Amino acid sequence: MDLKLKNKKALITGASRGLGYAVARCLLSEGASVTINSREAVNLEEARNSLSHQGKVGAIAGDVTIPTSCIALLEEAVERMGGLDLLVTNSGGPKTGRFETMSDDDWLQAFQLNFLSHVRLIRAALPYLRQSDAPSILTVTSISAKQPIPDMVLSNSLRAGVLGLTKTLSQELGSEGIRVNSILPGFTLTDRAMSLLRDRAQKNNTSMDIEIHKQSEASALKRIAAPEEFARVAVFLLSPAASYLTGLMLPVDGGAYTGLI
Ligand SMILES: NC(=O)c1ccc[n+]([C@@H]2O[C@H](COP(=O)([O-])OP(=O)(O)OC[C@H]3O[C@@H](n4cnc5c(N)ncnc54)[C@H](OP(=O)(O)O)[C@@H]3O)[C@@H](O)[C@H]2O)c1
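All of the points below concern the structure found in this document. (Residues numbered from 1 in each chain as written. Predicted model: local features only at pLDDT ≥ 70, side-chain atom pairs only at ≥ 80, totals over all residues. Heavy atoms only, no water.)

## So, the overall build of the protein
This is how it is decided: We count a stretch as a helix when DSSP gives it H or I for four or more residues in a row; a strand needs E for two or more, and each element gets its number in order from the N terminus. Based on C-alpha atoms, the radius of gyration is set beside the globule rule, defined as 2.2 Å times the residue count to the power 0.38. Type-normalised accessible area, obtained with a 1.4 Å probe on protein chains alone, sets the label of each residue: buried when under 20%, exposed when over 50%, and partly exposed for intermediate values. Contacts are residue-level and defined by heavy atoms, with any inter-residue pair within 4.5 Å sufficient. Per-residue and other accessible areas follow the Shrake-Rupley method at a 1.4 Å probe size, with only the shown protein chains counted as cover for residues. When charges are counted, neither His nor the chain ends are considered; positive counts come from Lys and Arg and negative counts from Asp and Glu. By convention, the point assigned to a charge is CZ for Arg, NZ for Lys, CD for Glu and CG for Asp.
The number of helices and strands found in the protein is eight helices and seven strands. Relative to the compact-globule value of 18 Å for 261 residues, the protein shows a C-alpha radius of gyration of 18 Å, a close match. The principal-axis extent of the C-alpha atoms belonging to the protein is close to 50 × 40 × 40 Å. The buried share of the protein, taken over its 261 residues, is 49%. For the protein, the proportion of contacts with a sequence separation of at least 24, taken over those separated by at least 6, is 70%. Split by element, the accessible area of the protein, about 12,600 Å² in all, is 53% carbon and sulfur. Taking the 27 positively charged and 26 negatively charged side chains of the protein as two groups, their mean positions are separated by 4 Å.

See below:
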């Protein structure tokens, strides 16, 4: 199947590693032109170099928790690529812990990182997406929005808000042909996931192997996902091949979520 992504222009935030990086690699392999972003310029440049043999890839450093950075990032990406068709709003995960360990500052930081970043990036992208013939937005959230994860009160709370935003935008922007979807990743082997498993091993006085086994058992497929398995679904949803899909909130979790809807 032709995903019709050749020469489409994509901006992916939080993409020097992990899920965002995997999406960038997969989009490049489909012939899209890609701009990746993250905060640390050195890591970002390394990531850009490692992708550069696959196609046209640019890199812009910036922190998506800073309002002016979101605007500058969009403007620079559009100038470099000559437009924008696809936007993936992604960043790092919030602090972990239970409700009573969180201060107002913790909540506010997580709100900036995992909620307002989506709002600001999408707002800044809309004038450019409106000029595209196949505009598509993908918000990266978490399975925690459907099935709260122990010790992750910030993620459990804020991701649900992003699903509300995603669904609302799909309704508000649908008549303009702008599709807005979200993927809710389950446990996927990235740096973030490794660090969560390390924390659990320390807290439970176990080993990484035991924590990996426990996490694998939590999904129907009895294993943890590879970032590419997330990326292939993301790229399909972003692509014109998914032209009648909008407002979708899709778990990519190996069947970890056991509810019906
Ligand atoms: N992996 C999983 O199992 C899983 C499951 C559910 C949900 N998620 C969520 O999916 C998202 C991506 O996960 P991941 O596993 O790929 O995380 P990751 O391995 O920690 O990668 C996060 C990426 O975002 C960048 N980033 C972090 N803060 C940023 C900021 N303020 N501005 C711009 N870039 C920023 C990081 O680079 P810099 O540090 O250089 O900025 C890095 O490139 C996270 O929100 C995570 O919580 C992940």
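## Details of the packing of helix H3 (residues 67–81) against helix H4 (residues 104–129)
Defined as follows: Here the axes come from fitting lines to C-alpha atoms, over the contacting stretch only for helices, and the angles between their N-to-C directions go from 0 to 180 degrees. Should an angle fall under 35 degrees it is taken as roughly parallel, and over 145 as roughly antiparallel, whereas 65 to 115 is taken as roughly perpendicular and any remaining angle as oblique. A clockwise turn of the near helix away from the far one marks a right-handed crossing, whereas an anticlockwise turn of less than a right angle marks a left-handed crossing. Residue polarity follows a fixed list, in which Ala, Val, Leu, Ile, Met, Phe, Trp, Tyr, Cys and Pro are nonpolar, Asp, Glu, Lys and Arg are charged, and the others, Gly among them, are polar.
It is the contact of H3 with H4, at a shortest axis distance of 9 Å, that shows an interaxial angle of 30°. Here H3 is positioned roughly parallel relative to H4, judged by the angle of their axes. Crossing geometry of H3 relative to H4 is assigned as right-handed. Between H3 and H4, the residues in contact are Pro67, Cys70, Ile71, Leu73, Leu74, Glu75 and Val78 and Arg120, Leu121, Ala124, Ala125 and Tyr128, respectively. For the contact of H3 with H4, the class distribution of residues is ten nonpolar, no polar and two charged.

## Some remarks on the packing of aromatic side chains
Any pair of aromatic rings gets described here by the distance separating the centres and the angle formed by the planes. Operational definition: Each Phe, Tyr or Trp ring, with Trp reduced to its six-membered ring, pairs with another whose centre is within 6.5 Å; inter-plane angles below 30 degrees give stacked pairs, above 60 give edge-to-face pairs, and intermediate values give tilted ones.
Throughout the structure, instances matching the rule amount to one aromatic pair. Note on Phe111 and Phe115: the rings are 5.3 Å apart at their centroids and 10° apart in plane angle, and the pair reads as stacked. One end of the pair, Phe111, and the other, Phe115, are both in helix H4, four residues apart, so they sit about a helical turn from each other. Among the residues examined, Phe111 registers a relative accessible area of 32% and is labelled partly exposed.

## Examining the nonpolar core
How we decide: By convention a nonpolar core is built from buried Ala, Val, Leu, Ile, Met, Phe, Trp, Tyr and Cys residues, the set being connected through side-chain atoms within 4.5 Å.
In this structure, Ile12, Val23, Leu27, Val34 and Ile36 are the most contacted members of the largest nonpolar core, which totals 33 residues. Secondary-structure elements contributing two or more residues to this core are strand S1 (9–12), helix H1 (18–29), strand S2 (33–38), helix H2 (41–51), strand S3 (57–61), strand S4 (86–89), strand S5 (136–140) and helix H8 (227–238). Ranked by residue count, the leading element in this core is H1, at eight residues. In this structure Ile12 touches Gly20, Val23, Ala24, Leu27, Val34, Thr35, Ile36, Asn37 and Val88, once residues within four positions along its chain are discounted. Listed in part, the 27 residues of the second largest apolar core include Leu84, Ile122, Ala124 and Val162.

## Focus on the site of the ligand
Keep this limit in mind: Here a residue is considered near a molecule or strand provided that any single heavy atom belonging to it is located within 4 Å of it. Think of a polar contact as two N or O atoms within 3.5 Å of one another; within protein, one of them needs to be a possible hydrogen donor and the other a possible acceptor, and neighboring residues in sequence only count if both atoms come from side chains.
Of all residues adjacent to the ligand, which total 31 residues, the nearest are Ser16, Arg39, Arg159, Thr188 and Thr190. Interatomic distance of 3.4 Å between a backbone N/O atom of Gly186 and an oxygen atom of the ligand. For the ligand, whose free accessible area comes to 890 Å², the fraction covered by protein is 95%. Within the residue set of the shell around the ligand, elements represented by two or more residues are H1, S2, H4 and helix H6 (191–204).

## Quick notes on unusual backbone geometry
Unusually for a residue other than glycine, Asn7 sits at a positive phi of about 65°. Locating Asn7 in the fold gives a position in the segment before S1.

## Considering the pairing of strand S6 (residues 179–185)
We count it as follows: Strands are labelled as partners when DSSP assigns at least two bridges between them. By definition, the crossover connecting two strands over a helix is right-handed if that path, from the first strand to the second, turns clockwise as seen with the strands pointing away from the viewer.
Among the seven residues of S6, seven are classified as buried, and the element is accordingly described as predominantly covered. Along S6, one buried face is formed by Arg179, Asn181, Ile183 and Pro185 and the opposite face, lined by Val180, Ser182 and Leu184, is buried too. Examined bridge by bridge, S5 and S6 share five bridges and lie parallel to one another. Opposite Ile137, over in S6, you have Val180 as the bridge partner. Between the parallel pair S5 and S6, the chain is carried across by helix H5 (residues 153–173), and the sense of this crossover is right-handed. Bridging between S6 and strand S7 (residues 249–252) involves four bridges; their strand directions are parallel.

## Observations concerning the environment of Leu184
Its location among the elements puts Leu184 in strand S6. It is 9.4 Å that separates the C-alpha atoms of Leu184 and Phe230, two residues lying 46 residues apart in sequence. If we skip the residues at most four places from it in the chain, Leu184 touches Thr141, Ser142, Ile143, Ala145, Lys146, Leu163, Met249, Leu250, Pro251 and Val252.

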